[in-house]
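# A structural walkthrough
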Amino acid sequence: MTDEMADGPGYAIADDGSFTAPLNLAYPYSRTVGPIYGAFLTGLANHKVGATVSADGTVFVPPAEFHASTGERLDNWVDVANEGEVVSWSWEADPDDSQPLNRPFAWVLVRLDGADTAMLHALDVTDTSSVRTGMRVRVRWAADAEPGIHAIACFEPVEIAGGGPS
Amino acid sequence: MSNEAEDVLRIRTPIGVEYAWSAGTRSSAYLNGLLEGKLLGKRCPSCSRVYFPPRNGNCPMCGVLLGDDDVEVGPNGTVTTFCVVNVPFLGQKITPPYVAATILLDGADIGMQHLLQEVDAADVRMGMRVEPVWAPRDNWGPTMENITHFRPSGEPDVDYSDYAGQL
Ligand SMILES: [Zn+2]
């Protein structure tokens, strides 16, 4: 959006006389979360990361409601660490207002210590040279978040004593 | 955390998309006209029908691109059909009952919908002549809302045969 649209009359006129205006569609959905995601999100609000565990010992974070292979209903819980390892990442150069950080950051898949699966979140680093697969990261809790995954503000690199980010 | 958080049962998941919408040259002429209090349409070079608001593309009857020249229509017009709104709905700005009318502006060949006020709904009829009531000029923008509503002009009714081709 141009400054003219944001701060002026709400539209812009190009050299050829054609009008352009912002057209923003928004859907204010909400959803119920059910017993499994609900327990996970309640845990996050209490600064704990919960996982469901299947009979074969697989630890799911975020918690799965059912085992994808066996169909087993999952309702055994265990807490995992709020620290883990980046297993994959992608750079977000131009975040929009809906995203966790308002500056460039990395989307990361993080496997938390004790978990067998990885979860998607944002990693607060300034450039692509500061993120790599295998690096150690930890949860940064949001100071004041409404219920949901944004109880985790983002992840941040775990500083190793005597060096930079590992 | 000193206090346990309440159980999370529901979360907000708003989504949205932000577009920059361009009106194109012909609709832009119409919007520019509204800024000056003029009602500008475009004419089909093949069948001579005048479209208001003008389409950016082609005449749907002939398939040819509408002409470039502005054609000023109105400001008065004729009610060709109308609807008395009795039902409240979310976002409604006017208290029912009120009349949404299709108004054929003088010189145009398609009707446009606008609000009809300053008349009892029971007195509205096909063929009724109406005039626009403009908002204060300081409030004008490139929008048909510059006309707050139409009202009866007091001119004699138009015979059905005079607008039967534009219904
Ligand atoms: Zn035509």
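The sections below set out a description of the structure shown in this document. What you see is a predicted model, and the numbers here were worked out from it, not measured in a lab.

### Focus: the coordination of the zinc ion
Residues and elements named next belong to chain B. Coordination sphere of the zinc ion, protein contribution only: C44 (SG), C47 (SG), C59 (SG) and C62 (SG), at 2.2 to 2.3 Å. Here the zinc ion binds four donor atoms, and the angle range of 101 to 113 degrees at the metal identifies the geometry as tetrahedral. Of note, the zinc ion draws all its donor residues from one chain, in the sequence arrangement C-x2-C-x11-C-x2-C. Remark: C62 occurs in the loop between β4 (50-51) and β5 (70-72) and C47 occurs in the loop between β3 (40-43) and β4; sequence separation between them is 15 residues. The exposure class of C62 is partly exposed, given its relative accessible area of 30%.

### Structural notes on the interface of chain A and chain B
On the chain B side, the residues contacting the 30 residues of chain A number 29 residues. Both sides together, the interface formed by chain A and chain B hides about 2500 Å², and carbon and sulfur atoms give 57% of it. Contact with chain B buries surface across chain A, with A:F19, A:L23 and A:N46 losing the most and accounting together for 23% of the total. Our enumeration of links across chain A and chain B arrives at one salt bridge. In this structure, the salt-bridge partner of B:R12 is A:E146, at a minimum N-O distance of 2.9 Å.

### Here's the deal with the nonpolar core
If you look at the biggest cluster of nonpolar residues, it comprises 29 residues, and the most contacted ones within it are A:L44, A:V49, A:V61, A:V80, A:L112, A:L123 and A:F155. Those elements that place two or more of their residues in this core are α2 (34-45), β4 (49-53), β8 (105-112), β9 (119-123), β10 (136-141) and β11 (152-157) of chain A. Here the element with the most residues in this core is β8(A); it accounts for four residues. Contacts of A:L112, omitting those with residues within four sequence positions, involve A:V49, A:V61, A:V80, A:A81, A:N82, A:E83, A:G84, A:M119 and A:F155. Judged by nonpolar contacts, the second largest core, of 25 residues, contains A:Y11, B:A108, B:L116 and B:M128.

About the cut-offs
Residues numbered from 1 in each chain as written. Chains lettered and ligands numbered in written order. Predicted model: local features only at pLDDT ≥ 70, side-chain atom pairs only at ≥ 80, totals over all residues. Heavy atoms only, no water. Donors = N, O, S within 2.8 Å, 3.2 Å for Na, K, Ca; no water. Tetrahedral: all angles 85-135°; square planar, octahedral: opposite > 155°, others 65-115°. Helix = DSSP H or I, 4+ residues; strand = E, 2+ residues; numbered from the N terminus. Buried < 20%, exposed > 50% of the residue type's maximum accessible area, 1.4 Å probe, protein only. Contact = heavy atoms within 4.5 Å. Buried area = accessible area lost by both parts, 1.4 Å probe. Salt bridge = Lys/Arg side-chain N within 4 Å of Asp/Glu carboxyl O. Core = buried A, V, L, I, M, F, W, Y, C linked by side-chain atoms within 4.5 Å.

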